[in-house]
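Listed below, chain by chain, are the residues.
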Amino acid sequence: IRRPPRSTPLYSSAASDVYKRQVGAPVVIDVIDNGGQWTHREWRMLRYLGVDTQILPNDIPVSEIRELDGLILSGGAARVGLTGELGNCADYLSLEVPILGICAGHQFMARHYGGDAGEAPKPEFGAATISLVGDGGPLFQGTPSQQTVWESHNDEVTTTPPGFTVIAESESCGVQAMQNEELDRFGLQFHPEVNDTEFGSNIFENFVEICKSAKSA
């Protein structure tokens, strides 16, 4: 497995330790490309954590996707998460593996499961502070109750779907993160793959651990 060069300070030392502890067959988590500008960073983060991963176009038939332990639905252009279609993402959400939606993927997930998304009253671009709701659930395990994240969105989830709860919020966005009751569907409005999200590597580590636990269940 190739590692990023030492001159690329993308990830925390904790993430590096996780990478070094990888043994046996790697976890398989692919990334669906919905046109987001940082999709490659999601892939690189997973690779650095020792995950077997690849980037797939969002029009690939679900029947052609290999056996997975988890899946990430990437971000995309403005409004893309608000449409009734996002490539074949609706089909991917039928897969019985943990799935993490980021930005547009998060918005699409909310609408797919019966919630709603719409134009944000206050679009966010740049650094923002989020607050965890309760303990933030397994996705935010080991991270503080307030943390800095990187935002890049005109739209947001306005209503969580039935069976989902809000696990992080900010002053301008009430659904910065959500999870379902089964703890196998997660959505993030912000971008954990961007360097400026201070605990982004922890969030990816936690998602990998969620996928490992589901794999061994």
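Before reading on, note that the structure itself is shown above.
Residues numbered from 1 in each chain as written. Predicted model: local features only at pLDDT ≥ 70, side-chain atom pairs only at ≥ 80, totals over all residues. Heavy atoms only, no water.

(A) The overall build of the protein chain, seen in detail. Looking only at helices and strands, one finds five helices and nine strands in the protein chain. Its helices and strands taken in sequence order, the protein chain reads α-β-α-β-β-α-β-α-β-β-β-β-β-α from the N to the C terminus. Looking at the protein chain as a whole, 53% of its 217 residues are labelled buried. Pairs at least 24 residues apart make up 72% of the contacts formed inside the protein chain by residues separated by at least 6 positions. Looking at the protein chain as shown, the accessible area adds up to about 9700 Å², and 46% of this sits on carbon and sulfur atoms. (Helix = DSSP H or I, 4+ residues; strand = E, 2+ residues; numbered from the N terminus. Buried < 20%, exposed > 50% of the residue type's maximum accessible area, 1.4 Å probe, protein only. Contact = heavy atoms within 4.5 Å. Areas by Shrake-Rupley, 256 points an atom, 1.4 Å probe, with all protein chains shown as cover.)

(B) Region of the structure containing the pattern of salt bridges. Under the criterion given, the structure shown has five salt bridges. Asp69 serves as the salt-bridge partner of Lys215, at 3.6 Å between the closest nitrogen and oxygen. Note that Lys215 is positioned in helix 5 (residues 200-216) and Asp69 in the loop between strand 2 (55-57) and strand 3 (70-76), a separation of 146 residues in sequence. The partly exposed category is assigned to Lys215, whose relative accessible area is 46%. A single network of salt bridges, built from pairs that share partners, joins Asp30, Asp52 and Arg66. (Salt bridge = Lys/Arg side-chain N within 4 Å of Asp/Glu carboxyl O.)

(C) Spotlight on the side chain of Ser74. Relative to the helices and strands, Ser74 resides in strand 3. By relative accessible area, Ser74 is classed as buried at 0%. Side-chain polar atoms of Ser74 contact the backbone oxygen of Ile32, separated by 3.1 Å. There is a polar contact of 3.3 Å between the side chain of Ser74 and the side chain of Thr39. Beyond its immediate chain neighbours, meaning those up to four positions away, Ser74 contacts Val31, Ile32, Asp33, Asn34, Gly35, Gly36, Thr39, Glu42, Ile102, Ala104 and Gly105. (Polar contact = N/O pair within 3.5 Å; in protein donor to acceptor, adjacent residues only side chain to side chain.)

(D) The arrangement of the nonpolar core in detail. Core analysis: the biggest nonpolar cluster contains 28 residues, and Ile29, Ile72, Leu139 and Phe140 have the highest contact counts within it. Of all the secondary-structure elements, those providing two or more residues to this core are strand 1 (29-34), helix 2 (39-48), strand 4 (99-102), strand 5 (116-132), strand 7 (164-169), strand 9 (185-188) and helix 5. For this core, the leading source of residues is helix 5, giving six residues. Excluding residues that lie within four positions of it along the chain, Phe140 makes contacts with Ile130, Leu132, Asp135, Gln147, Ile167, Ala168, Ala177, Leu188, Phe190, Ile203 and Asn206. Ile65, Ile99, Ala110 and Val175 belong to the second largest nonpolar core, which has 21 residues in total. (Core = buried A, V, L, I, M, F, W, Y, C linked by side-chain atoms within 4.5 Å.)

(E) Examining the environment of Gly105 more closely. Mapped onto the elements, Gly105 comes out in helix 4 (residues 104-112). Between the C-alpha atoms of Gly105 and Cys89, which are 16 residues apart in sequence, the distance is 8.3 Å. If we skip the residues at most four places from it in the chain, Gly105 touches Leu73, Ser74 and Gly75.

(F) Quick look at helix 5. Here helix 5 is 17 residues long and its end C-alpha atoms lie 25 Å apart, about the 24 Å a rise of 1.5 Å per residue gives. If you check which residues of helix 5 are buried, you get Gly200, Ser201, Asn202, Ile203, Phe204, Glu205, Asn206, Phe207, Val208, Ile210 and Cys211. (Expected span 1.5 Å × (residues − 1).)

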